[in-house]
Amino acid sequence: MGPPPRPTDAELSILRVLWKIGPATVRAVHEVLQAERPVNYTTVLKLLQIMTDKGLVTRDETARSHVYAAAQPEAETQGSLVRDLLDKAFAGSTSRLVMRALEERPASADELSQLRNLLERLERRNGS
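Remember, predicted model here, so these are calculated numbers, not experimental data.

S.K.: Can you walk me through the overall build of the protein in this structure?
M.R.: Each helix and strand in the protein was counted, giving 6 helices and 2 strands. Mapped in sequence order, the helices and strands of the protein form the string α-α-α-β-β-α-α-α. Here the C-alpha atoms of the protein give a radius of gyration of 18 Å, more than 25% beyond the 14 Å that 2.2 N^0.38 yields for 128 residues. For the protein, the spread of C-alpha atoms along the principal axes amounts to about 55 × 35 × 25 Å. The 128 residues of the protein split such that 23% are buried. Between the averaged position of the 18 positive side-chain charges in the protein and that of its 17 negative side-chain charges there is a distance of 2 Å.

Structure representation (structure tokens):
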């Protein structure tokens, strides 16, 4: 079986909750999402059922309340989404993607420092 399909925006919001709090019941996921914006419990339940069928989450049925967990680590899903965006919108150009991202949403001083550190590590690895 190959990698799971790319999550929709609604599915990604649920995955972000599961990555943040770990395996959780529908109620726990709903409470976190509800704090951000109004959302129906039944909508969260239905999405988690769909996501289980798609392989985006796993469901532990040993307890009375089913517990859901992200099937893939956050970094793996992010990597897949970035690779797809790189190919589709930036013709594979990492620099164009990063520059566009920084133009659209400027980085904080701390983020810029982290970027500099990353660039230095990459330069050392490439022998520059």
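Alright, that's what it looks like, and here's the rest.
S.K.: Help me understand the pattern of salt bridges, please; the structure alone is not making it clear to me.
M.R.: When charged atoms on two side chains of opposite charge get close, those side chains can pair. Applying the stated rule across the entire model yields 7 salt bridges. As a salt-bridge pair, Arg37 and Glu36 come within 3.8 Å of each other at their nearest N and O atoms. Overall, the relative accessible area of 37% leaves Arg37 in the partly exposed class. Glu36 sits in the exposed class, given a relative accessible area of 56%.

S.K.: Help me understand the layout of surface pockets in this model?
M.R.: Where empty space is left becomes clear once a probe the size of a water molecule has been rolled over the atoms. Roughly 320 Å³ of internal volume is contained in the largest pocket. Considering only residue class, the lining of the largest pocket consists of 8 nonpolar, 1 polar and 2 charged. Volume-wise, the second largest pocket comes out at about 220 Å³. Thr94, Val98, Leu102, Leu112, Leu115, Arg116, Leu118, Leu119 and Leu122 are the residues that line the second largest pocket. If one sorts the elements of the lining of the second largest pocket by residue count, helix α6 (residues 109–125) sits on top with 6 residues. Of the residues that constitute the lining of the second largest pocket, the class distribution is 7 nonpolar, 1 polar and 1 charged.

Quick notes on the rules
Residues numbered from 1 in each chain as written. Predicted model: local features only at pLDDT ≥ 70, side-chain atom pairs only at ≥ 80, totals over all residues. Heavy atoms only, no water. Helix = DSSP H or I, 4+ residues; strand = E, 2+ residues; numbered from the N terminus. Rg over C-alpha atoms; globule rule 2.2 N^0.38 Å. Buried < 20%, exposed > 50% of the residue type's maximum accessible area, 1.4 Å probe, protein only. Lys, Arg positive; Asp, Glu negative; His and termini not counted. Charge placed at Lys NZ, Arg CZ, Asp CG, Glu CD. Salt bridge = Lys/Arg side-chain N within 4 Å of Asp/Glu carboxyl O. 1 Å grid on protein atoms, 1.4 Å probe; cavity = no way out; pocket = protein on both sides within 12 Å on 5 of 7 lines; lining within 4 Å. Points joined across faces, edges and corners; volume = space filled by probe spheres on them. Nonpolar A, V, L, I, M, F, W, Y, C, P; charged D, E, K, R; others polar.

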